[in-house]
Amino acid sequence: MFRTVTCGELRIADVNKSVTLAGWVQKIRKMGGMTFVDLRDRYGITQLVFSEDTNAELCAKANELGREFVIQVKGVVSERSNPNKNIPTGDVEILANELNVLNKSLTPPFTIEDNTDGGDDLRMVYRYLDLRRTAVRKNLELRHKMTMEVRRYLDSKGFLEVETPMLIGSTPEGARDFVVPSRMNPGQFYALPQSPQTLKQLLMVSGFDRYFQIVKCFRDEDLRADRQPEFTQIDCEMSFVEQEDIINLFEGMAKHLFKELRGVEFKEDFKRMTWHDAMKYYGSDKPDLRFGMRFVELMDTLKGYGFSVFDNATYIGGICAKGAATYTRKQLDALTEYVKRPQIGAKGMVYARVEADGTVKSSVDKFYSQDTLQALKAKMEAEPGDLILILSGDDTQKTQKQLCELRLKMGEDLGLRDKNVFAPLWVIDFPMFEWSDEEQRLMAMHHPFTHPKDEDIPLLDTDPAAVRADAYDMVINGVEVGGGSIRIHDPKLQAKMFEILGFTPEKAQEQFGFLMNAFKYGAPPHGGLAYGLDRWVSLFAGLDSIRDCIAFPKNNSGRDVMLDAPAPLDQKQLDELQLDVKAKQ
RNA sequence: GGUGUGGUAGUUCAGCUGGUUAGAAUGCCGCCCUGUCACGGCGGAGGUCGUGGGUUCGAGCCCCAUCCACACCGCCA
């Protein structure tokens, strides 16, 4: 045994015990005749004391230690004369009588502390050192706890965890696949799953009526702070259920997780909002409901008064920022610049302040009488001290998206996006399809197996773009933490979907024949959902990036800077795979 | 594919209108210090200013190209 106790467990009650500890040297404080060493492992920090009076030779040895040396210490637990209230072990220290250096260490390139001096880049290169830091380790501990609670909850509800293969076939639709060449089948490729979607549906056909899996998924698309090329889903599917059953069960799971991991109890049902309302009032299919500032449509109020920008607009919308009338001209100009950035793309912004006396002062005063501005105030339900911000444009959806960005920015600036406040909701009734300019055809908004709303099925023939789906997303604080749908289990309806999506019957058979054939053998009605584990954990941990809750994440361009992957292959490997690599342009 | 921000000591950053020997903090090394816990004191070492080119009497600073990182747009059923 290298140790009898960890560095986080000794207390005042342990005084006079002889113990052996092992861990990393966090810090050495030399005081002349005595030396203090902070010994760290993942459980905590324990102070070791070496004194010239007691053992000069041992004290000299301790003075030779460096940061991150791995050592083993034997000694006696003793009460401190000066306790440290900041750490749980602060009442005791170890009077060392034996010191073994198990391994030396180079000086690490950054400090292993909560407030490290290391930048993101460097910490990723030395991720194994970064993971020694409490702040990062806590995130992985939370992740562990979360997967344990998920398994506990779903097991209690009768779900079976079933593994599905990582090497599967490429499917059209959706994201770009990561592919793996097959040596035994030259010129052919596996694809890594974007999700186990079709496999879990096959499990439903097999009669596993409650399935789940905590599983890696792979999508070869450009990355963001909340997107990794490989990420983890809590993937679930159920048979003999309707949308309501799924929503209830997984809302229950969300509540369970909030309670167990954050101590937050939701007594009420989560809000539900149709996709249509989410777009209308928030300009987003994942609205952040931690604050108000709902959009108010102002076409009737402001159009037709000679202000050509509004007169020519097909959409005019405003938000009311409570108490923000104190914004200076400089701040308003900065906001205007913000929405005019190419990423947002607004042409400009109109603002109106409600003064203390109730009058409205706007940036377009010369076009509008005070009466009209008072009508604006009434429509916006604005009060003295409020600031009204207005965007307009000739593309309703685009303008609403811009207004959404402005709303989020104002929410941020006014401190309304508190990380310790959670506002969950279900967004329901998604459109079945969306038009793709690139492909010049309708694409499935969720995926091609999504069941249309029964009452909209007739529209499949007449107006497919108007069809709504039995699809639902769970959104918390403006983050899509999960989503799912009722699936089609009728092969005829599925064939019709493929037809609308532009598949010939032959192509559909080639790509999805396995699924459609399976459905011929008695597919139960089924549906499911997948939660994004990484997003949940980062939400619970209050992180800005999901990278911080992944042990070994990839950077912005999909590289693992620690392993230096991806990398070229040896010619020998390429030959085996019968692959030719084009020279880089 | 696009937009923006950044790249200076081991690390995090400052560096003015282009002008002497490029600074601070922290880390590291040495000496001192017997109750520290962000210990303290004194001293020291440490630089391809991302890379390549250009403008200039003179470039960390200006221009062009390029690489890398981060954020975002497109993209991500």
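Cut-offs and rules
- Residues numbered from 1 in each chain as written.
- Chains lettered and ligands numbered in written order.
- Predicted model: local features only at pLDDT ≥ 70, side-chain atom pairs only at ≥ 80, totals over all residues.
- Heavy atoms only, no water.
- Helix = DSSP H or I, 4+ residues; strand = E, 2+ residues; numbered from the N terminus.
- Buried < 20%, exposed > 50% of the residue type's maximum accessible area, 1.4 Å probe, protein only.
- Contact = heavy atoms within 4.5 Å.
- Areas by Shrake-Rupley, 256 points an atom, 1.4 Å probe, with all protein chains shown as cover.
- Lys, Arg positive; Asp, Glu negative; His and termini not counted.
- Charge placed at Lys NZ, Arg CZ, Asp CG, Glu CD.
- Pairing = 2+ DSSP bridges.
- Near = heavy atom within 4 Å.
- Polar contact = N/O pair within 3.5 Å; in protein donor to acceptor, adjacent residues only side chain to side chain.
- Core = buried A, V, L, I, M, F, W, Y, C linked by side-chain atoms within 4.5 Å.
- pLDDT = per-residue confidence, 0-100.
- Axes fitted to C-alpha atoms, helices over the stretch in contact; angles between N-to-C directions.
- Phe/Tyr/Trp six-rings, centres within 6.5 Å; stacked < 30°, edge-to-face > 60°.

This part is about the overall build of chain A. Along the backbone of chain A there are 17 helices and 22 strands. Seen through its principal axes, chain A has C-alpha atoms that stretch 90 × 75 × 55 Å. In chain A, which comprises 585 residues, the proportion classed as buried is 49%. At a minimum sequence separation of 6, the contacts of chain A that also span at least 24 residues come to 65%. On chain A, roughly 29,800 Å² of surface is accessible, and the fraction owed to carbon and sulfur atoms is 49%. Each charge sign in chain A was given a centre, from 76 positive and 89 negative side chains, and these centres are 3 Å apart.

Let us now look at the pairing of strand E21 (residues 479-486). For E21, the buried fraction is high: six of the eight residues fall into the buried class. As judged from the six bridges shared by strand E20 (residues 471-476) and E21, these two strands associate in the antiparallel manner. Of the residues in E21, the one forming a bridge with methionine 474 is glycine 482. Taken together, E20 and the strand that follows it, E21, pair antiparallel across an intervening segment of two residues, in which asparagine 477 is found at a positive phi of about 55 degrees. With five bridges joining them, E21 and strand E22 (residues 526-532) adopt antiparallel strand pairing. Within the sheet, the bridge partner assigned to serine 485 lies in E22 and is glycine 528.

Attention now goes to the protein's contact with RNA strand B. Taken together, 46 residues surround RNA strand B, and among them Asp53, Asp117, Ala444, Met445 and His446 come closest. When atoms of RNA strand B within 4 Å of the protein are sorted by moiety, sugar and phosphate together comprise 52%. Here a base oxygen of RNA strand B and a side-chain polar atom of glutamine 47 are 2.9 Å apart. A distance of 3.0 Å is found between a phosphate oxygen of RNA strand B and a backbone nitrogen or oxygen belonging to asparagine 556. Elements that contribute at least two residues to the surface near RNA strand B include exactly strand E1 (18-30) and strand E2 (34-41).

In terms of nonpolar packing, the biggest core is built from 41 residues, with Met146, Leu154, Ile234, Phe250, Trp426, Tyr531 and Trp536 touching the most fellow members. By residue number, the principal contributor to this core is helix H6 (residues 243-262), which donates nine residues. Sequence-distant contacts of tryptophan 536, that is, excluding residues within four places in its chain, are made with Met146, Ala254, Phe258, Met474, Ile476, Val481 and Tyr531. Counting residues in each nonpolar core, the second largest holds 33 residues, with Phe430, Leu442, Ala508 and Ala523 among its members.

Turning our attention to the confidence of the model for chain A. Here chain A averages 95 in pLDDT, while 99% of its residues score no lower than 70. Among the scores for the predicted complex, ipTM is 0.93 and pTM is 0.95.

Here the focus is the side chain of histidine 256. By secondary structure assignment, the location of histidine 256 is in helix H6. In this structure the side chain of histidine 256 is engaged in a polar contact, spanning 2.8 Å, whose partner is the side chain of glutamate 149.

Glancing now at the pairing of E20. Counting buried residues along E20, six of its six residues qualify, which places the element largely inside the surrounding structure. In the sheet, strand E17 (residues 424-428) pairs with E20 via five bridges, with the strands oriented antiparallel. Looking at the pairing, valine 427 lines up with aspartate 473 of E20.

Structurally, the position occupied by phenylalanine 552 is in the loop between helix H16 (533-541) and helix H17 (571-577). It is 6.9 Å that separates the C-alpha atoms of phenylalanine 552 and arginine 127, two residues lying 425 residues apart in sequence. If we skip the residues at most four places from it in the chain, phenylalanine 552 touches Arg127, Leu131 and Met562.

Here the focus is the sheet that holds strand E15 (residues 360-362). Ordered in space as E12-E13-E16-E14-E15, the five strands form an open sheet in which the pairing is antiparallel. Edge positions in the sheet fall to strand E12 (296-297) and E15, since each of these pairs with one other strand and no more. The strands touched by helix H11 (residues 370-380) within the sheet are E12, strand E13 (315-321), strand E14 (350-354), E15 and strand E16 (387-393), with E15 carrying the most contacts at an inclination of about 100 degrees.

So, on to the packing of aromatic side chains. In total, this model carries 21 aromatic pairs according to the counting rule given. Ring centres of phenylalanine 250 and tyrosine 531 lie 6.3 Å apart, and the angle between their planes is 75 degrees; this geometry places the pair in the edge-to-face category. Taken together, the residues phenylalanine 250 in helix H6 and tyrosine 531 in strand E22 connect sequence positions 281 residues apart. Assessed through its relative accessible area of 0%, phenylalanine 250 is described here as buried. Judged by its relative accessible area of 1%, tyrosine 531 falls in the buried class. For the ring pair phenylalanine 422 and phenylalanine 540, a centre distance of 6.3 Å and an interplane angle of 70 degrees mean the geometry is edge-to-face. Of the two residues, phenylalanine 422 sits in the loop between helix H12 (396-413) and E17 while phenylalanine 540 sits in helix H16, which places them 118 residues apart along the sequence. Phenylalanine 540 shares its class with phenylalanine 422; the two are buried. Ring pairs connect the aromatic residues Phe159, Phe250, Phe258, Phe266, Phe270, Phe422, Tyr531, Trp536 and Phe540, which therefore count as one cluster.

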